[in-house]
Amino acid sequence: MELGAVKELPRTDIVREWWSEVKENFWEQDARPQMKRLLKELMQRTMLEELEGIRHRDAGTVDSLLARNGYYRRSLITHFGLIQDIRVPRLRHGGFRTKVFRRYQRCEQLVEALIRDIFLAGISTRRVGAAISALLETKVSSSTVSRITRGLDQQVRTFHARPLLDEYQYLILDGIRLKIRYNGAYRTRTVLVAYGITLFGQRVLLDFRQAKGESQTAWEALLNSLYHRGLLGANLRLIVMDGAAGLRAAAELVYPEAKIQRCWVHKLRNVANVCPKKSQACVRQARTIYLATNRVQAQAAFQHWKQAWRRRCPKAVACLEQDLEELLSFYDCPVAHRIKVRTTNAIERSFREVRRRTNVFSCFSNPASTERIIYAIFTHLNHGWKDASLPGFTQF
């Protein structure tokens, strides 16, 4: 190569570099403003044609009522950003309603759908506004986001009423306590949750219901809803639950043939509550029972633990012994399934995202907001689990 000669780039690299410059300059400098201008002009022309169509249709009406009465100006947030000073024509009698956008609409329907999708992905209302503002280069207030997300109410009602297949082998039930504002006062309410694992190992958050507590009536309402929507329980191996008497009674009434598995986490909390502080090793050693390889070894581990602690912690031993049979029900399941069905931890893990959302404002603003946020997070989690099966659950 001669001195001073310029190295020629391969043709593909030249085209790639040129196209990247074209895209950057065209979009950032020309495309967005041009598209906003064209969209604004299209909306204005469409509204003028709508207006002329009304005047032509009602040609027999008194001319003064069909007379044009100038314009008023308004703004609209579109997927290209904020379009300002859109001229909306008026008739003197005030009867013109355009179909280009709804009355009082501030965001294009595509933008509203985008806001709802971001909210359903588990993003808080305030952060949705920030994300949209950055994307569309215009500010979207939290109140606007809240108004749009209220449109999810119909989806929430559909979620609570959707049909279910009778394909669940495990049903995990638990109640989660949340702070919700009722009529200006902060109150603690329980959200009853049903989580299922299908015969194919797919996890599904089936439904939830707000209640004052974990009464039998409240749990019956939720379980009866599942039953009448198709979850008849023909394939249920276990129903996993804590020790709530109301839940136990409701489960036996709606699904009398299903075996009960008592949650080990809840039971060990109960054991810890009746153990002296200096004897907390009693709780730690009790874990060896559910870590045993099979039921026979688990029963032997219990007897060993009982002999070691029955004098120092008699209440703790009695607490565990009275429910031992139901604490060991999970040993009737395949080995790969056991770690997933000996506790209700799956529901608590699902609610970590709900609690993360509420940590920002410490309390749900009202019951309807609670429904929307829980539905959004459940939908997001269910969508993520849709094409994934738990390891070892595909064989049954």
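Rules used in this analysis
Residues numbered from 1 in each chain as written. Predicted model: local features only at pLDDT ≥ 70, side-chain atom pairs only at ≥ 80, totals over all residues. Heavy atoms only, no water. Buried < 20%, exposed > 50% of the residue type's maximum accessible area, 1.4 Å probe, protein only. Helix = DSSP H or I, 4+ residues; strand = E, 2+ residues; numbered from the N terminus. Pairing = 2+ DSSP bridges. Axes fitted to C-alpha atoms, helices over the stretch in contact; angles between N-to-C directions. Contact = heavy atoms within 4.5 Å. Phe/Tyr/Trp six-rings, centres within 6.5 Å; stacked < 30°, edge-to-face > 60°. Lys NZ or Arg CZ within 6 Å of the ring centre and 35° of its normal. Core = buried A, V, L, I, M, F, W, Y, C linked by side-chain atoms within 4.5 Å. Parallel < 35°, antiparallel > 145°, perpendicular 65-115°, else oblique. Left-handed = near helix turned anticlockwise from the far one by under 90°. Nonpolar A, V, L, I, M, F, W, Y, C, P; charged D, E, K, R; others polar. Expected span 1.5 Å × (residues − 1). Salt bridge = Lys/Arg side-chain N within 4 Å of Asp/Glu carboxyl O.

Caption draft 1: View of the pairing of strand β4 (residues 185–198). A large share of β4 lies buried, amounting to ten of its 14 residues. Pairing analysis gives 14 bridges linking strand β3 (residues 168–182) to β4, with the strands arranged antiparallel. What sits directly across from Tyr-170, in β4, is Ile-197. Hairpin geometry of β3 and β4 is characterised by an intervening segment of two residues between the two adjacent antiparallel strands and by a positive phi of about 50 degrees at Asn-183. Summarising the sheet, β4 and strand β5 (residues 203–211) pair through eight bridges and their orientation is antiparallel. Paired with Val-193 across the strands is Phe-208, a residue of β5.

Caption draft 2: Fine view of the sheet that holds β5. Taken in spatial order, the five strands line up as β5-β4-β3-β6-β7 in an open sheet, and their pairing is mixed. Looking at which strands have only one partner, the edges of the open sheet turn out to be β5 and β7 (259–262). Each adjacent strand pair in this sheet contributes to an overall mean axis angle of 25 degrees, direction not counted. Where helix α6 (residues 216–228) meets the sheet, its contacts fall on β3, β4 and β5, and the angle it forms with β5 comes to roughly 140 degrees.

Caption draft 3: Structural view of the packing of aromatic side chains. Taken as a whole and assessed by the stated rule, the structure comprises ten aromatic pairs. Here Phe-159 and Tyr-375 contribute two aromatic rings whose centre-to-centre distance is 5.6 Å and whose plane-to-plane angle is 65 degrees, an arrangement assigned as edge-to-face. Taken as a pair, Phe-159 in helix α5 (residues 153–161) and Tyr-375 in helix α15 (residues 367–385) lie far apart in primary sequence, 216 residues in all. Accessibility classification places Phe-159 together with Tyr-375 in one group, the buried group. For the ring pair Phe-208 and Phe-378, a centre distance of 5.4 Å and an interplane angle of 80 degrees mean the geometry is edge-to-face. One end of the pair, Phe-208, is in strand β5; the other, Phe-378, is in helix α15, and 170 residues separate them in sequence. Each member of the pair, Phe-208 as well as Phe-378, carries the same accessibility label: buried. The structure contains a cluster of three or more aromatic residues connected by ring pairs, namely Phe-159, Phe-208, Phe-351, Tyr-375 and Phe-378. Arg-162 extends its terminal NZ or CZ atom over the ring of Phe-159, reaching a point 4.2 Å from the ring centre.

Caption draft 4: Representation of the side chain of Thr-198 within the structure. Within the element layout of this structure, Thr-198 appears in strand β4. With a relative accessible area of 1%, Thr-198 lands in the buried category. Setting aside its immediate chain neighbours within four residues, Thr-198 contacts Glu-167, Tyr-168 and Gln-169.

Caption draft 5: Here's a closer look at the nonpolar core. One finds Trp-264, Ile-289, Trp-305, Leu-320 and Phe-351 to be the most contacted residues of the largest nonpolar core, which totals 53 residues. Ignoring anything within four residues of it in the chain, the contact list for Phe-351 reads Ile-176, Leu-178, Val-191, Val-193, Ile-374 and Phe-378. Counting residues in each nonpolar core, the second largest holds 26 residues, with Leu-236, Ile-239, Ala-250 and Ala-251 among its members.

Caption draft 6: Focus on the packing of helix α9 (residues 281–290) against helix α10 (residues 295–309). Two numbers describe how α9 lies on α10: the axes approach to 8 Å, and their chain directions differ by 160 degrees. By the angle between their axes, α9 is roughly antiparallel relative to α10. As α9 runs across α10, the sense of the crossing is right-handed. For the pair α9 and α10, contact is made by Ala-281, Cys-282, Gln-285, Ala-286, Thr-288 and Ile-289 and by Ala-298, Ala-301, Phe-302, Trp-305 and Trp-309, respectively. A per-class count over the contact of α9 with α10 returns nine nonpolar, two polar and no charged.

Caption draft 7: Here's a closer look at α15. Taking 1.5 Å per residue, 19 residues should reach 27 Å; α15 reaches 27 Å between its end C-alpha atoms and fits that length. Among all positions in α15, only Ser-369, Thr-370, Glu-371, Arg-372, Ile-373, Ile-374, Tyr-375, Ala-376, Ile-377, Phe-378, Asn-382 and Trp-385 are buried.

Caption draft 8: Highlighting the pattern of salt bridges. For the coordinates displayed, the defined rule picks out nine salt bridges. Among the salt bridges present, the one from Asp-207 reaches Arg-229, with a minimum N-O distance of 2.8 Å. One end of the pair, Asp-207, is in strand β5; the other, Arg-229, is in the loop between α6 and β6 (238–241), with 22 residues separating them in the sequence. By the burial criterion, Asp-207 is buried, and Arg-229 matches it. Between Asp-332 and Lys-259 there is a salt bridge; the shortest N-O distance is 2.9 Å. Placement of Asp-332 in the loop between α12 (324–327) and α13 (335–341) and of Lys-259 in strand β7 is noted, with a sequence separation of 73 residues between them.

These figures come from the coordinates and say nothing about function on their own.
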